Amino acid sequence: MTAHIDGKPPHRGDKITITFTLDGEWVFEDFDELFMTVRDGLPASTVVDDSAALGKVAVTGTGTACQAVFPAATTQSWPAGKLNWDVQGKVGSDVHTLESGLLTLIGDVTRA
C-alpha cells in the first residue's frame, strides 16, 4: 500500500486527506469494513479497543484507490510531532493490517 498526503506535511487543525492504493490481491470491495486509526504512541498489549486513539475514520474507495479524511475539528486537538497510524480491514471476523507508519503533524501558530 502506498499512502500519500497532498502537499507539505499537514498542520494541526487542518482537514487531513490521505489517499492510498491497495497493493497485492486486495480491492476496497473485499472488505466489510476498512478504517484508518491515528495514535500518539503505540498502545500497550492490554488495550482492547480504539477509544483512546486520536482519531479513527472509515476509509472510502473503489477498486484499489482509497481515501481517509480526518476533519479539522478532529486534528485540532492532536499533538504536533510524529503520530502512529495504521489501516486495517475486516473480512468477516478476520482483521487484516494492511499498512502502518508515521504521520508528521506540524503545530499551528494561529489559534483560530
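Just so we're clear, the structure is a prediction, and the values are computed from it rather than from any experiment.

Leu34, Met36, Val59, Phe70, Trp78 and Val87 are the most contacted members of the largest nonpolar core, which has 20 residues in total. Sorting the residues of this core by element identifies strand E2 (16–21), strand E3 (33–39), strand E6 (65–70), strand E7 (81–91) and strand E8 (94–105) as the ones contributing at least two each. Residues within four places of Phe70 in sequence aside, it is in contact with Asp14, Lys15, Ile16, Ile18, Met36, Val38, Gly55, Lys56, Val57, Thr75 and Trp78.

For Arg39, the position within the fold is in strand E3. A polar contact of 2.9 Å, which involves the side chain of Arg39, links it to the side chain of Asp50. Once you skip the residues sitting within four places of it in the chain, Arg39 turns out to touch Val47, Asp49, Asp50, Ala52, Ala53, Leu54, Leu83 and Asn84.

What follows deals with the packing of aromatic side chains. Under the defined criterion, the tally for this structure stands at two aromatic pairs. Looking at Lys56, its charged tip hangs above the ring of Phe35, at a distance of 4.2 Å from the centre.

A regular strand places its side chains so that they alternate between the two faces of the sheet. Here E2 shows a clear split, with Ile16, Ile18 and Phe20 buried on one side and none of Thr17, Thr19 and Thr21 buried on the other. Bridge count for E2 against E6 is six bridges, and the pairing is antiparallel. Note that in E6 the partner of Thr19 across the bridge is Gln67.

All right, on to the pairing of E3 then. Most of E3 is tucked away: six of the seven residues are buried. Both E3 and E7 contribute to a ladder of seven bridges, which runs antiparallel. When the bridges of E7 are listed, Thr37 appears paired with Asp86.

As a further point, take the side chain of Thr75. Topologically, Thr75 is positioned in helix H1 (residues 72–75). Within the structure, Thr75 has its side chain in polar contact with the backbone nitrogen of Gly13 (distance 3.1 Å). Only 2.7 Å separates the side chain of Thr75 from the backbone oxygen of Asp14, close enough to count as a polar contact. Once residues within four sequence positions are removed from consideration, Thr75 is found in contact with His11, Arg12, Gly13, Asp14, Ile16 and Phe70.

A separate point is the layout of surface pockets. Reported here for the largest pocket is a volume of approximately 270 Å³. Listed by contribution, the elements that provide at least two residues to the lining of the largest pocket are E3 and E7. Ranked by residues supplied to the lining of the largest pocket, first place goes to E7 with four residues. Of the residues that constitute the lining of the largest pocket, the class distribution is seven nonpolar, five polar and four charged.

This part takes up the sheet that holds E8. Ordered in space as E4-E3-E7-E8, the four strands form an open sheet in which the pairing is antiparallel. The open sheet is flanked by strand E4 (55–58) and E8, the only strands paired with a single partner. The average angle at which neighbouring strand axes cross in this sheet is 20°, direction not considered. When E7 meets E8, the two strands line up antiparallel, connected through 11 bridges. Across the sheet, the residue bridging to Lys82 is Thr104, located in E8.

Conventions used here
Residues numbered from 1 in each chain as written. Predicted model: local features only at pLDDT ≥ 70, side-chain atom pairs only at ≥ 80, totals over all residues. Heavy atoms only, no water. Core = buried A, V, L, I, M, F, W, Y, C linked by side-chain atoms within 4.5 Å. Buried < 20%, exposed > 50% of the residue type's maximum accessible area, 1.4 Å probe, protein only. Helix = DSSP H or I, 4+ residues; strand = E, 2+ residues; numbered from the N terminus. Contact = heavy atoms within 4.5 Å. Polar contact = N/O pair within 3.5 Å; in protein donor to acceptor, adjacent residues only side chain to side chain. Phe/Tyr/Trp six-rings, centres within 6.5 Å; stacked < 30°, edge-to-face > 60°. Lys NZ or Arg CZ within 6 Å of the ring centre and 35° of its normal. Pairing = 2+ DSSP bridges. 1 Å grid on protein atoms, 1.4 Å probe; cavity = no way out; pocket = protein on both sides within 12 Å on 5 of 7 lines; lining within 4 Å. Points joined across faces, edges and corners; volume = space filled by probe spheres on them. Nonpolar A, V, L, I, M, F, W, Y, C, P; charged D, E, K, R; others polar. Axes fitted to C-alpha atoms, helices over the stretch in contact; angles between N-to-C directions.

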